[in-house]
Amino acid sequence: MWSGDQLDLGAYLARIGYAGAVGDGGELRPDLETLYAVHRAHTGAVAFESLDVLLGRPIALDVKALEDKLVHGRRGGYCYEQNSLLAAALQRIGFEVSGRGARNRTRGDTLLPVTHAVLVVTVEGQPWLCDAGFGHQGPLEPVPLGRPGAEVTQGSWTYAVRQEEDGILALSLLHGDTWRDLYAFSPQHYHPVDYVLLNHYSSTHPRSAFIGQVIVQKPGDAVRTALVGRKLTRLYPDGRSEHRPVDPGDLPAVLDREFGLRLPERDAEELDRVNRAGD
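Reading the values: rules and limits
- Residues numbered from 1 in each chain as written.
- Predicted model: local features only at pLDDT ≥ 70, side-chain atom pairs only at ≥ 80, totals over all residues.
- Heavy atoms only, no water.
- Pairing = 2+ DSSP bridges.
- Helix = DSSP H or I, 4+ residues; strand = E, 2+ residues; numbered from the N terminus.
- Contact = heavy atoms within 4.5 Å.
- Axes fitted to C-alpha atoms, helices over the stretch in contact; angles between N-to-C directions.
- Buried < 20%, exposed > 50% of the residue type's maximum accessible area, 1.4 Å probe, protein only.
- Expected span 1.5 Å × (residues − 1).
- Salt bridge = Lys/Arg side-chain N within 4 Å of Asp/Glu carboxyl O.
- Phe/Tyr/Trp six-rings, centres within 6.5 Å; stacked < 30°, edge-to-face > 60°.
- Lys NZ or Arg CZ within 6 Å of the ring centre and 35° of its normal.

The subject of this paragraph is the sheet that holds strand E11 (residues 224–228). The antiparallel open sheet is built from five strands, whose spatial order is E1-E10-E11-E12-E13. The sheet is open, and its two borders are formed by strand E1 (48–49) and strand E13 (241–245), each paired with just one other strand. Where E11 lies against strand E12 (residues 231–235), five bridges are found, and the strand directions are antiparallel. Residue pairing in the sheet places Val 228 in a bridge with Lys 231 of E12. Sheet strands touched by helix H7 (residues 251–259): strand E10 (215–218), E11, E12 and E13. Its angle to E11, the strand with the most contacts, is close to 160 degrees.

Below, the structure written as structure tokens:
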């Protein structure tokens, strides 16, 4: 389903800096240890970003396009790109992977459409939430789905999955002493073609949050970093946050320093032009 057979797995593993266990023949085993290692390496190496949306470029989700951009081009991507690539890699390794559509809950009581793509990976009969594409608040590692309510610590951050009515599962993150929902998803399986439709909305609809502004984010063990528009935010596990403005002329340096993104000169110039267009 995820076209894992078309992925250059070696190049992908090199891109994410995979340093986990391998079998005697050099192959990766589809076990929980490997799932943790791949997920952790991916979220640590590949930034969440939607710069191509800002630049008006189409977002392709076929495996070769994702490989060219995120692996060989060392770019980042947003949820459909990140999790489609992760799904292809996990399927290639031998995991059972299925998709889900999630509803963002980070904007309080505002009811948002289902636009976030996540993965459910089954290992030895147990389901695990895998998500490399929710930006700076997303999990660094798989989160167990088979025991709702259990708290899991990843770095300095704590997550939990709560079960609601009709089989809905909600992922929450602990901010200081307060649990905050990140998103919720139903048991309905989503397929790559479903992500093509959601991707079209997110990359072209005028009400999409990705239209018209820079969005680049990175999770971390101790600090989470987000650049939205011209504001750089650092989020801490105790609930504190720090904000500072970013001058448009400093954008390439900030992308490199904070997120490991080094754009070609032509792309950097175009991004600067678009970013200043609203001045």
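What follows deals with unusual backbone geometry. One non-glycine residue, Ser 3, adopts positive backbone phi at about 60 degrees. By secondary structure assignment, the location of Ser 3 is in the segment before helix H1 (9–16). Despite not being glycine, Glu 124 shows a phi value in the positive range, around 50 degrees. Relative to the helices and strands, Glu 124 is located in the loop between strand E3 (114–123) and strand E4 (126–130). By relative accessible area, Glu 124 is classed as exposed at 77%.

On to helix H5 (residues 79–93), then. For H5, with 15 residues, the first-to-last C-alpha span of 21 Å sits near the 21 Å given by 1.5 Å per residue. Within H5, 13 of the 15 residues are buried, which leaves the element mostly enclosed by the surrounding structure. Phi turns positive one or two residues past the end of H5, at Gly 94, with a value near 125 degrees.

Pairing is possible between side chains of opposite charge, provided their charged atoms come close. Applying the stated criterion across every chain, the model contains 22 salt bridges. A salt bridge links Glu 164 to Arg 162; its shortest N-O distance comes to 2.6 Å. Taking the relative accessible area as the measure of exposure, Arg 162 reaches 36% and is therefore partly exposed. Between Asp 181 and Arg 162 there is a salt bridge, with its nearest N and O atoms 3.0 Å apart. In this pair, Asp 181 sits in strand E9 (residues 178–185) while Arg 162 sits in strand E7 (residues 157–163), placing the two residues 19 residues apart along the sequence. Beyond isolated ion pairs, a larger network of salt bridges with shared partners links Glu 49, Asp 52, Arg 57, Lys 69, Arg 75, Glu 81, Asp 267, Glu 270 and Arg 273.

Turning our attention to the packing of aromatic side chains. Under the defined criterion, the tally for this structure stands at nine aromatic pairs. Geometrically, the ring pair formed by Phe 48 and Phe 210 is tilted, given 6.3 Å between the ring centres and 40 degrees between the ring planes. Of this pair, Phe 48 sits in strand E1 while Phe 210 sits in the loop between helix H6 (192–204) and E10; the two residues are 162 residues apart in sequence, bridging distant segments of the chain. Classification of Phe 210 by relative accessible area gives buried; the value is 17%. Pairing Tyr 78 with Tyr 80 gives two aromatic rings, centres 5.1 Å apart and planes at 90 degrees, and the pair type is edge-to-face. The exposure classification of Tyr 78 matches that of Tyr 80, with both residues buried. Taken together, the ring pairs connect Trp 2, Phe 48, Tyr 78, Tyr 80, Tyr 190, Tyr 195 and Phe 210 into an aromatic cluster. The aromatic ring of Tyr 236 is capped on one face by Arg 240, whose charged end is 4.3 Å from the ring centroid.

Time to look at the environment of His 136. Relative to the assigned elements, His 136 resides in the loop between E4 and strand E5 (143–144). Taking C-alpha positions, His 136 is 8.9 Å from Val 223, a pair spaced 87 residues apart along the chain. Each residue touching His 136, except ones within four places of it in the same chain, is listed here: Gln 217, Lys 218, Pro 219, Arg 224, Thr 225, Ala 226 and Leu 235.

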